[in-house]
Amino acid sequence: MKDCFVSMSKHDDQLTALGYKSELRRSLSFFSVLGLSFAIMAVPVGESVTLTIGLTDGGPVTIFYGWIFVMLISVCIAASLGEICSAYPVAGGVYYWSAMLVDKQWAPITSWITGWLTLVGNWIITTSICFGGGQLILSAIGLWNESYVPASWHVVLMHCALLVISLLVNIFAAKYLDLINTICVYWTGASVLIISIIVLVMAKNGRRSATYVFTEFDASRAGWTPGWAFFVGLLQSAFTFTGYGMVPSMCDEVQNPEREVPKAMVLSVVAAGITGIIYLIPILFVMPDIDELLSISTGQPIAYLFMKSTGSPIGGFILLCLVLGIQFFAGIGSLTATSRCLYAFSRDDAVPGSKIWSKVTEKYEIPLNALLFSTLIGALLSLIYLGSSAAFNAFTGVATICVSASYGLPVFILLCRGRHLIDNAPFHLGKFGYVINIITILWIILSTILFTMPISIPVTAATMNYASVLFVFFAVVSVLWYLIRGRKYFVGPPILSSQI
């Protein structure tokens, strides 16, 4: 116990040296952070709610090999970010790192851009997780009524209900987040194994051949050329592999964050990758006709796939409930990380109403206002669905673009200014650092282009990818606030105020 207090005091002093007062309890362990990252990625949920993307843009080859490809890229990104996090273990995350690595005269504008990309990306990831969960819940009705088409307001209402549940857990069970994240790991692992075994053993709809699972590729539904269709279809996997970059926002609550957070980021990506392979292969072996899946009235084919493989609506519903349990953990974890991101960015007066969002409520020892505001943002974003059914694809696209761009900025700065800037980082990539960092930057540039593309062509108002529209909207908000206040008062992290 004495060693624990010494460790906490040491890291609180380290946080003070980085420019901040320690306000949050350091109650999270390595396994808890690993569980949080794993929970946010929520592999079965992410792969299920975006299944139509992979099915449209190539089918099994895109889904399976795309997953492996994005997993390897994500390990590189997580390692690149983990290395910098090790040097600067603070809740500000990528925006703090950008400010500390760049030439000091550029620190304010660089950290402003990175911070807003991160914050917007976090908000939309949380929105899309709960939104997809709402769609999955409603898809259960389609198991008994195949003609059921969820009204837009049904989806929005279910989404808001999941947001509120995540909010209540974050408030009233805040002291149990460590336990919740731990349970998530076991629940996810058990659920994936149960689903995989049941669908393969029962396979009431028959089993596909290994040739189909590992070599079937049909881009005709996408309208793109085959090669481009494969890359556009990577959005399915890339959206799932976004959560690991949110966990540095928890650094102020982790014991030994300079070591534990980087390790948790990288290992969570590896664990998610292996989990995804175990989950996807059985799904592909019992895959019904793709056109049949894409015509599902609810727009979410995974429940129908479960029903066909088990031979009954009840069987399909039970397996769907396992996935929804994982979604429950994902919603909680993403809202936790998002609120801490808003809290950290507001500490430096970069968001309208910063003094409100950066306040820690003593009763619960959490940034309660930041939690409430992040929940409100998620609810408001879901209203877009009332005007366009393409909203979910826009959410997944812009979330991936924003967080990827925010991940890339500090890594790009590090490459430009020299990797010697993090020589003292406890988690260091050594001689492989340059290669890993370059792979990270090249992928982020490519993915930013890819994920503004519509899933298929020709494009209609209903199938248009509105990611670029959402991206521009938040960019305008950020720029206007910078012109109104940021350029006059924002200097980046407070440690720089005496250096600029």
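Residues numbered from 1 in each chain as written. Predicted model: local features only at pLDDT ≥ 70, side-chain atom pairs only at ≥ 80, totals over all residues. Heavy atoms only, no water.

Topic: the overall build of the chain
Right, on to step 1. Counting secondary structure elements, the chain contains 21 helices and zero strands.
Right, on to step 2. Each principal axis of the C-alpha atoms in the chain carries an extent, and together these give about 65 × 45 × 45 Å.
Right, on to step 3. Out of the 500 residues belonging to the chain, those deemed buried represent 60%.
Right, on to step 4. Relative to all contacts within the chain whose residues are 6 or more apart in sequence, the contacts with residues 24 or more apart total 83%.
Right, on to step 5. Put simply, the chain shows about 18500 Å² of open surface, and 68% of that area lies on carbon and sulfur atoms. (Helix = DSSP H or I, 4+ residues; strand = E, 2+ residues; numbered from the N terminus. Buried < 20%, exposed > 50% of the residue type's maximum accessible area, 1.4 Å probe, protein only. Contact = heavy atoms within 4.5 Å. Areas by Shrake-Rupley, 256 points an atom, 1.4 Å probe, with all protein chains shown as cover.)

Focus on the side chain of S478
Right, on to step 1. One can find S478 in helix α21 (residues 467-489).
Right, on to step 2. Relative accessible area serves as the criterion here: at 10%, S478 is assigned to the buried category.
Right, on to step 3. Looking at S478, its side chain comes within polar contact range of the side chain of W112, at 3.1 Å.
Right, on to step 4. Discounting chain neighbours no more than four positions away, the residues touching S478 are W112 and W116. (Polar contact = N/O pair within 3.5 Å; in protein donor to acceptor, adjacent residues only side chain to side chain.)

Details of the nonpolar core
Right, on to step 1. Judged by nonpolar contacts, the single largest core of 151 residues is most densely connected at L81, F241, Y244, Y279, F306 and W443.
Right, on to step 2. Here this core gets 14 residues from one element, more than from any other, and that element is helix α5 (residues 60-87).
Right, on to step 3. Discounting chain neighbours no more than four positions away, the residues touching L81 are V94, W97, Y244, G245, M265, Y407 and V411.
Right, on to step 4. V169, L177, I180 and I332 belong to the second-largest nonpolar core, a separate cluster that totals eight residues. (Core = buried A, V, L, I, M, F, W, Y, C linked by side-chain atoms within 4.5 Å.)

Considerations on the environment of L117
Right, on to step 1. Within the fold, L117 resides in helix α7 (residues 107-139).
Right, on to step 2. A sequence separation of 187 residues divides L117 from Y304, and the C-alpha atoms of the two residues are 36 Å apart.
Right, on to step 3. L117 has contacts with C402, V403, A405, S406, L409 and F471, leaving out every residue within four places of it along the chain.

Observations regarding the confidence of the model for the chain
Right, on to step 1. Per-chain confidence: the chain averages 88 in pLDDT, with 93% of residues scoring 70 or above.
Right, on to step 2. The least confident element of the chain, judged by mean pLDDT, is helix α1 (residues 2-17) at 54; the most confident is helix α10 (residues 210-215) at 96.
Right, on to step 3. In the predicted structure, residues 1-8 sits below a pLDDT of 50 and forms two contacts with residues beyond four places in sequence or in another chain. (pLDDT = per-residue confidence, 0-100.)

Looking at helix α6 (residues 94-101)
Right, on to step 1. The element α6 is extensively covered by neighbouring structure, given that eight of its eight residues are classed as buried.
Right, on to step 2. All of the buried residues along α6 are V94, Y95, Y96, W97, S98, A99, M100 and L101.

Digging into the pattern of salt bridges
Right, on to step 1. Per the stated rule, a full pass over the model turns up eight salt bridges.
Right, on to step 2. The salt bridge partner of R221 is D218, with a shortest N-O separation of 3.4 Å.
Right, on to step 3. By relative accessible area, D218 is classed as partly exposed at 27%.
Right, on to step 4. For R340, the salt bridge identified is with E253, shortest N-O distance 2.8 Å. Remark: E253 occurs in the loop between α12 (235-240) and α13 (257-285) and R340 occurs in helix α16 (residues 313-346); sequence separation between them is 87 residues. Side by side, R340 and E253 carry an identical accessibility label, which is buried.
Right, on to step 5. A network of salt bridges, in which partner residues are shared, links D218, R221 and D291. (Salt bridge = Lys/Arg side-chain N within 4 Å of Asp/Glu carboxyl O.)

Comments concerning the packing of α16 against helix α18 (residues 368-382)
Two measures define how a pair of helices packs: the angle their axes make with one another and the distance between the axes.
Right, on to step 1. Viewed as axis vectors pointing N to C, α16 and α18 meet at an angle of 115 degrees, and their least axial separation amounts to 8 Å. As far as their axial angle goes, α18 and α16 are roughly perpendicular. In this structure, the crossing between α16 and α18 has a hand that is right-handed. Each of L335, T338, S339, L342 and Y343 in α16 lies in contact with α18, whose residues at this interface are A370, L371, F373, S374 and T375.
Right, on to step 2. In the contact of α16 with α18, the residues fall into six nonpolar, four polar and no charged. (Axes fitted to C-alpha atoms, helices over the stretch in contact; angles between N-to-C directions. Parallel < 35°, antiparallel > 145°, perpendicular 65-115°, else oblique. Left-handed = near helix turned anticlockwise from the far one by under 90°. Nonpolar A, V, L, I, M, F, W, Y, C, P; charged D, E, K, R; others polar.)

With respect to the packing of α5 against helix α20 (residues 433-450)
Right, on to step 1. With their axes 9 Å apart at the nearest point, α5 and α20 run at an angle of 120 degrees to one another. Compared by their axis directions, α5 and α20 come out oblique. Judged by the sense of rotation from one axis to the other, the crossing of α5 with α20 is left-handed. Here F69, I73, C76, I77, A79, S80 and E83 of α5 lie close against α20, whose contacting residues are I436, N437, I439, T440 and W443.
Right, on to step 2. Its residues assigned to classes, the contact of α5 with α20 comprises eight nonpolar, three polar and one charged.

A word on the packing of aromatic side chains
Right, on to step 1. Applying the stated criterion to the full structure yields 23 aromatic pairs.
Right, on to step 2. For the pair W123 and F373, a centre-to-centre distance of 5.9 Å together with 75 degrees between the ring planes defines the contact as edge-to-face. A residue pair is termed long-range when its members are at least 10 positions apart, and W123 in helix α7 and F373 in helix α18 qualify at 250 residues.
Right, on to step 3. Among the aromatic residues, ring-to-ring pairing joins Y95, W112, W116, F345, Y482 and F490 into one connected group.
Right, on to step 4. The cationic tip of R208 hangs over the ring face of Y212; the distance from NZ or CZ to the ring centre is 4.1 Å.
Right, on to step 5. The positively charged end of R419 is found above the aromatic ring belonging to Y434, 5.7 Å away from the centroid. (Phe/Tyr/Trp six-rings, centres within 6.5 Å; stacked < 30°, edge-to-face > 60°. Lys NZ or Arg CZ within 6 Å of the ring centre and 35° of its normal.)

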